[in-house]
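Geometric and topological summary
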Amino acid sequence: MSTPNPTESLDSEREHTRTGMSKAALKQDFLDNLFYIQGRFREVATPHDLYMAAAFTTRDRLLKRWVESAQVFKTSHARTVCYLSAEYLLGPHLAGNLVNLGITEAAREVGEELGLDLDAILEEEEEPGLGNGGLGRLAACFMESLSTCQIPAIGYGIRYEFGIFDQAIEDGWQVEKTDNWLRNGNPWEIPRPKIRFSVGYGGYTESYRDDKGRSRQRWQPSLVINGMAYDTPILGYGTANANLLRLWKAEAPASFDFQAFNTGDYYGAVYANIQAETISKVLYPNDEPEAGKELRLKQQYFFVSCSMQDMVRLHLNTVGPLETFADKFVAQLNDTHPALAVAELMRLLLDEHVMSWEQAWDITHRTFCYTNHTLLPEALETWSVSLFERLLPRHLEIVYEINRRFLDEVRMRFLGDEARVWRMSLIAEGGERRVRMANLAVVGSRAVNGVAELHSELVKATLFKDFAELWPERFHNVTNGVTPRRFMVVANPRLSKLITRTCGHEDWIRDLERLRELEAHVDDAGFQEAWRAVKHAAKQDLAAWMQQASGVRLDPESLFDVQAKRFHEYKRQHLKVLHIIRCYQRLKQGQPQDLVPRAFIFGGKAAPGYFMAKLMIKLINAVGAVVNNDPQVNGWIRVAFLPDFNVKNGQRLYPAADLSEQISLAGKEASGTGNMKFSMNGALTIGTLDGANVEIREAVGAENFFLFGMTAAEALQRQMTGYRPWELYQNDPELKSDIDLINSGLFSHGDTQLFRPLTDNLVNHDPFMVLADYRDYLDCQKMVSETYKDTERWTRMSILNVARIGRFSSDRAIREYAEHIWKVTPRLIDPASGGDS
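Residues numbered from 1 in each chain as written. Predicted model: local features only at pLDDT ≥ 70, side-chain atom pairs only at ≥ 80, totals over all residues. Heavy atoms only, no water.

Here the protein shows a mean pLDDT of 93. Residues at 70 or above account for 94%. Below pLDDT 50 for its whole length, residues 1–13 participates in zero contacts with residues either more than four positions away or in separate chains. (pLDDT = per-residue confidence, 0-100. Contact = heavy atoms within 4.5 Å.)

As a further point, take the packing of helix α22 (residues 525–550) against helix α33 (residues 791–803). Direction vectors running N to C along α22 and α33 enclose 80°, while the axes themselves pass 10 Å from each other. Considering the angle they form, α22 stands roughly perpendicular to α33. Taking contact as the criterion, the partners of F527, Q528, W531 and R532 in α22 are, on α33, T791, E792, T795, R796, S798, I799 and V802. (Axes fitted to C-alpha atoms, helices over the stretch in contact; angles between N-to-C directions. Helix = DSSP H or I, 4+ residues; strand = E, 2+ residues; numbered from the N terminus. Parallel < 35°, antiparallel > 145°, perpendicular 65-115°, else oblique.)

Let's shift gears to empty space enclosed by the protein. Counted according to the given criterion, the structure contains nine cavities of 30 Å³ or more. What lines the largest cavity is a set of 16 residues, and nearest its centre among them are L90, N97, E144, I234 and R486. Breaking the lining of the largest cavity down by element, the ones donating at least two residues are α4 (93–101), α7 (134–148), β8 (223–235) and α20 (484–490). Grouping the constituent residues of the lining of the largest cavity by class yields seven nonpolar, five polar and four charged. When residues of the lining of the largest cavity are assigned to domains, at least three fall in each of domain 1 (24–76 + 93–125) and domain 2 (77–92 + 127–445). Size it by volume and the second largest cavity reaches roughly 190 Å³. Lining of the second largest cavity is provided by 15 residues; of these, F30, A54, A107, V110 and L118 occupy positions nearest its centre. Elements supplying a minimum of two residues to the lining of the second largest cavity: α2 (23–36), α3 (47–76), α4, α5 (104–113) and α6 (118–123). Of the residues that constitute the lining of the second largest cavity, the class distribution is twelve nonpolar, three polar and no charged. (1 Å grid on protein atoms, 1.4 Å probe; cavity = no way out; pocket = protein on both sides within 12 Å on 5 of 7 lines; lining within 4 Å. Points joined across faces, edges and corners; volume = space filled by probe spheres on them. Nonpolar A, V, L, I, M, F, W, Y, C, P; charged D, E, K, R; others polar. Domains from an automatic or database assignment.)

For the protein, the domain assignment lists domain 1 (24–76 + 93–125), domain 2 (77–92 + 127–445) and domain 3 (491–814). Taking the mean C-alpha position of each, domain 1 and domain 2 sit 33 Å from one another. Of the residues lining the interface, 24 residues belong to domain 1; the matching set on domain 2 comes to 29 residues. Between domain 1 and domain 2, roughly 2300 Å² of surface is buried when both sides are summed, and carbon and sulfur atoms account for 64% of that area. Here domain 1 and domain 2 share zero salt bridges between them. (Buried area = accessible area lost by both parts, 1.4 Å probe. Salt bridge = Lys/Arg side-chain N within 4 Å of Asp/Glu carboxyl O.)

In total, this model carries 25 aromatic pairs according to the counting rule given. Ring centres 5.4 Å apart and planes at 45° place the aromatic pair W726 and Y729 in the tilted group. Of this pair, W726 and Y729 are both found in helix α29 (residues 725–731), three residues apart, which corresponds to roughly one turn of the helix. Among the residues examined, Y729 registers a relative accessible area of 8% and is labelled buried. (Phe/Tyr/Trp six-rings, centres within 6.5 Å; stacked < 30°, edge-to-face > 60°. Buried < 20%, exposed > 50% of the residue type's maximum accessible area, 1.4 Å probe, protein only.)

With that out of the way, let us pick up a nonpolar patch on the surface. A cluster of nonpolar side chains, namely F35, Y36 and I37, defines an oily patch on the protein surface of about 360 Å² accessible area. Structurally, I37 is set in the loop between α2 and α3. (Patch = residues over 30% accessible without salt bridge, like charges linked within 9 Å, V, L, I, M, F, W, Y side chains within 5 Å. Areas by Shrake-Rupley, 256 points an atom, 1.4 Å probe, with all protein chains shown as cover.)

Turning our attention to the pattern of salt bridges. Pairing is possible between side chains of opposite charge, provided their charged atoms come close. Scanning all chains against the criterion turns up 76 salt bridges. The shortest N-O distance in the salt bridge between D738 and R582 comes to 2.7 Å. In this pair, D738 sits in helix α30 (residues 733–743) while R582 sits in helix α23 (residues 573–588), placing the two residues 156 residues apart along the sequence. R582 matches D738 in its accessibility class, with the two residues each being buried. Each of the salt bridges in this network shares a partner with another, and the network as a whole consists of E358, E401, R404, R405, D408, R411 and E418.

This brings us to the pairing of β8. Successive residues of a regular strand alternate their side chains across the two faces of the sheet. For β8, the tally of buried residues reaches twelve of 13 residues, placing the bulk of the element in the interior. Relative to β8, strand β5 (residues 190–201) runs antiparallel, the two being bridged by nine bridges. Each residue of the ladder has a partner; that of S198, found in β8, is N226. Pairing of β8 with strand β9 (residues 242–251), which is carried by ten bridges, proceeds in the antiparallel orientation. Residue pairing across strands places T232 opposite L245, the latter belonging to β9. (Pairing = 2+ DSSP bridges.)

What follows is the structure, encoded as structure tokens:
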């Protein structure tokens, strides 16, 4: 028997402490991290110190799974999904990682033993605001589901130093505050200073012949910056699989110019650093001015160049020759922001790796897939040829050549149809010539998908009709989904525990279709009572937080009527405002018979340069100021604006909502994901047949959904035959009275002009047909009130919404992508051995 080695014994105990899942291991690792990383002991630790120690304790366990996953993926040459997205709205990490590790309760008990409140520690976390809304939140859900579904993946994006602005409401107006989310450090990321790539801009191209006599192109950029990688592990639920989110930070090749400094040019000594770091400084600059457009194009090229160079590096290091690149990687373009990756991969293969055009194009085309997220023409990115040529001259040459070859194919397929050629060209002619990024994404991808059944059909029938006729096999639908771990287990632990107790298992967290088992209990009086108690507790929590955050007192006994989403005219927040004003007028006239007490709650941000959206926010708060201070009505209705709507605040809101407002004009919303999050938490939907509302209504049952408004086809037909909102305004006395009340100055301290831009636009133009759906919307809201009075019926509908929402899990969406579009298979990591199972 060998003599025990005390060093080996110590190492074994340390390993157990750093990665063990027992309470004892968690407790010791927390105290070690508090002492050795934060340099604090318990008695003097600040709330931030406690959070950082908890984060590092959790990260220790993530890193074990992450390293083991990376080892397996490397040695097995696993086919890998590379998700390219300019946005990742991740939300707070700590709570989600505790759930996915399965140690939430153990962490809570450790906290209690140490005299700490886990909820207070969770509240301390700064949310990384690396996205605007649905697009970035979807990317975050997909990254978590990729790991949960055991699909090897890398997410690529930008490490914005300043994320989406923090929103404050001052005098009813939105005011943007700097989102300095990194000011206290980010414990979840690992800097990779050795993973850097050069990214060029500007300059010129030149032709030359290489040493083998081949005609080649050389790009000589005038500005070169570096991109440095920052890695964050993304763990799946109920699995040891952990994938990689790699975000790029822009840096100057040399941060200080000593020559400039020594000659007295002190500003010039750091100018290159300032110019470089601007590229990853802030999420989506205002692109109204030309400087903003230039910076946004620079951002997009920066992250796709770094990402494509990284993918090439990984392939050469782990697989070998680039001829098999498309067998190792599939790259998903999340909207058009990463579409430059098509031209960048071509540049790398042609210029850096000396491939023929045909071989390079075959690899490129087999690598990329493209998800379209919008039907709004103004949201389809285009860039002026002059700007494109000035910043990316080599890429413009490549785009021109892609276009030349592509249009030759179109001309052969559709003889003599030059109008079709003009529509499909990657370059928009007439007026200022522009590069159409959506067309580049479609031409450069082997698969194109929409994000809801209706959206995907409209993509084929309208937006990309010509392309769908040329390549019908290229077009698919994958309806969006959201992760139930974030939006049920983390956001609504009371409901999650009730579901688990009722179903007798936690399998539903990974297989959301198992929620169907709740249908067997839908008429159980005791279960209904428990369901209502969960909802009421969530409403009490939100009411307490809202009073502190906005000063508005909400009654948890009232119907919580919620619309929370990015502010845009097509989402029609002003339609809900008109309903509030109608309720207000009826109450003032002594006609409350068809009303129930309601709290009208709004949340969402407007783009800083979007005047009309910001005016809508002002109107909401102005109406609220009148309603909430009028004792004749404020016992019936109240209006509240939830400030700074983000993932963390969404987690407060979704569990508390009774009614979810999804009221965009049919045919305008691609999918929506808020509609799914509200339904998952038992809110009933009032909505149009737009986006994923169509499928949600089909899933939960038409009788459990409040439908109103025109269909997409009816809206299009009405617009084509001449839509006249002025006539609707004149012929509907209540509608006219509501708009006239806004114009009267009641909500603006007598200023009759403040809201005129909004009301004049409705009456004279109404591009999103608010007035056309007004009457049907009011009638539907009356039905909502009548139903809410029947407590048992409302509860039954709420339960069935949750029981039938399973198809809207992002796990289902990822499985569909994997099977139908990416052609990848799961790769399970064995937590015991650290290898393939």
